[in-house]
Number of protein chains: 2
Amino acid sequence: MSGPALAPVFAALADDTRWQILAELGRCDLSASALAARLPVTRQAIAKHLALLAEAGLVEPVRAGREIRYRALGARLSETARALEAIGAEWDRRLAAIKRLAEERS
Amino acid sequence: MSGPALAPVFAALADDTRWQILAELGRCDLSASALAARLPVTRQAIAKHLALLAEAGLVEPVRAGREIRYRALGARLSETARALEAIGAEWDRRLAAIKRLAEERS
DNA sequence: AGTGCGTGCAACTTCAGAGTTGCACGAGCA
DNA sequence: TGCTCGTGCAACTCTGAAGTTGCACGCACT
């Protein structure tokens, strides 16, 4: 298996609220309080999600004066995408082999 | 945007037992009972996971005599991978634009 | 026909995590 | 120098998901 563990990334991407957060951060860097103002959850909930996302390597904290803004990191997503692509291709390759065998038999 | 629609797929991929199931199905098609014999959980638990995976489009039921075998579908995985790649590229593109602005100002 | 294996449905327990409220701390602005 | 705004930590509730046991149904071989 490749270096970084994918499981935390999947767990992080499984929650809908975290996708909303990521969607906002995809437009511009925002602080936890700023995100709380745009989403229907409290700042503390946002903070927990941001900690989880940072742990998964999907966002990065950036100090801006006295507040802490968060930045969306595309690298981890691309990394995960490539891993998924490889696994999916492997499955389809097995399927293609089975189909080929079935046609040869007939 | 098909962004938030990805959440169910990742919810399906977030569980470790489901990854074990997918790993087994990646080798060959198996029924719920056969999977239960290879994994340390009961058949009913397996059945629930299979229903979830089928709902997410990651697995497909195939009738084989009186039993129902399940097949891993790589298409959904590739589809998800491409969506992730696109989103990640979008984020990095914005970052690159910001960096360019900072360099022009200096 | 009868029987067994595989499947499906339902109730129950357990536990992680999503969200809330409340309060305390501390760095930045006027 | 105050004082405000943003952040961090802790305890609590509550919903949903994972897993179990138990039982009933049905198709498929003998």
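Our structure's up above, just so we're on the same page.
Here the residue index of a chain counts from 1 through its sequence in written order. The lettering of chains begins at A and the numbering of ligands begins at 1, in the order of writing. In keeping with the predicted nature of the model, local features appear solely for residues at pLDDT of at least 70, side-chain atom pairs appear and are counted solely at 80 or more, and the whole-chain, interface and lining totals rest on all residues. Hydrogens and water are ignored here; the side-chain numbers use all heavy atoms of the structure.

(A) Structural detail: the interface of chain B and chain A. With 33 residues of chain B at the interface, the matching set in chain A holds 30 residues. Put simply, buried area is the surface a 1.4 Å probe can reach on two separate parts but cannot reach once they are joined, added for both. Here chain B and chain A share an interface that buries about 2,700 Å² over both sides, 68% of which is from carbon and sulfur atoms. If you sort the residues of chain B by the area they bury against chain A, B:L84, B:W91 and B:R94 come out on top, with a joint share of 25%. For salt bridges, the criterion is a side-chain nitrogen of Lys or Arg within 4 Å of an Asp or Glu carboxyl oxygen. At the junction of chain B with chain A, the criterion picks out two salt bridges. Residues A:R94 and B:D29 are paired through a salt bridge, measuring 2.8 Å at the closest nitrogen-oxygen approach. Polar contact is the term for a pair of N or O atoms within 3.5 Å; when the atoms are in protein, one must be able to donate a hydrogen and the other to accept it, and sequence-neighboring residues count only if both atoms are side-chain atoms. At the surface where chain B touches chain A, the tally comes to 12 residue pairs in polar contact (both at pLDDT 80 or more). Runs of E in the DSSP output that reach at least two residues are strands. Runs of H or I that reach at least four are helices, and both are numbered from the N terminus. Counting only elements with at least two residues in the side of chain B that touches chain A, the list comes to α1 (7-13), α2 (16-27), β3 (67-72) and α5 (74-105) of chain B. Ten residue types, Ala, Val, Leu, Ile, Met, Phe, Trp, Tyr, Cys and Pro, are classed as nonpolar, four, Asp, Glu, Lys and Arg, as charged, and the remainder, Gly among them, as polar. Looking at side-chain class alone, the side of chain B that touches chain A contains 21 nonpolar, six polar and six charged residues. When checking whether two residues touch, look at their non-hydrogen atoms; a contact exists if any pair is within 4.5 Å.

(B) Quick look at the pairing of strand β2 (residues 59-64) of chain A. Residue and element names in this part refer to chain A. Here, strands pair whenever DSSP counts at least two bridges between them. Direction of pairing for β2 relative to strand β3 (residues 67-72): antiparallel, over a ladder of six bridges. Paired with P61 across the bridge in β3 is Y70. Linking two consecutive strands that pair antiparallel, namely β2 and β3, is a turn of two residues; a positive phi of about 70° is found at G65 within it.

(C) Main features of the nonpolar core. Among the nonpolar cores identified, the biggest contains 56 residues, and A:L13, A:W19, A:L25 and B:L25 are the most heavily contacted of them. Every residue in contact with A:L13, bar those within four places of it in the chain, is listed here: A:W19, A:L22, A:L58, A:L77, B:A7, B:F10 and B:L84. In plain words, nonpolar cores are sets of buried Ala, Val, Leu, Ile, Met, Phe, Trp, Tyr and Cys residues tied together by side-chain atoms within 4.5 Å. Three labels apply to residues, based on accessible area from a 1.4 Å probe with only protein chains included: buried if under 20% of the type maximum, exposed if over 50%, partly exposed otherwise in between.

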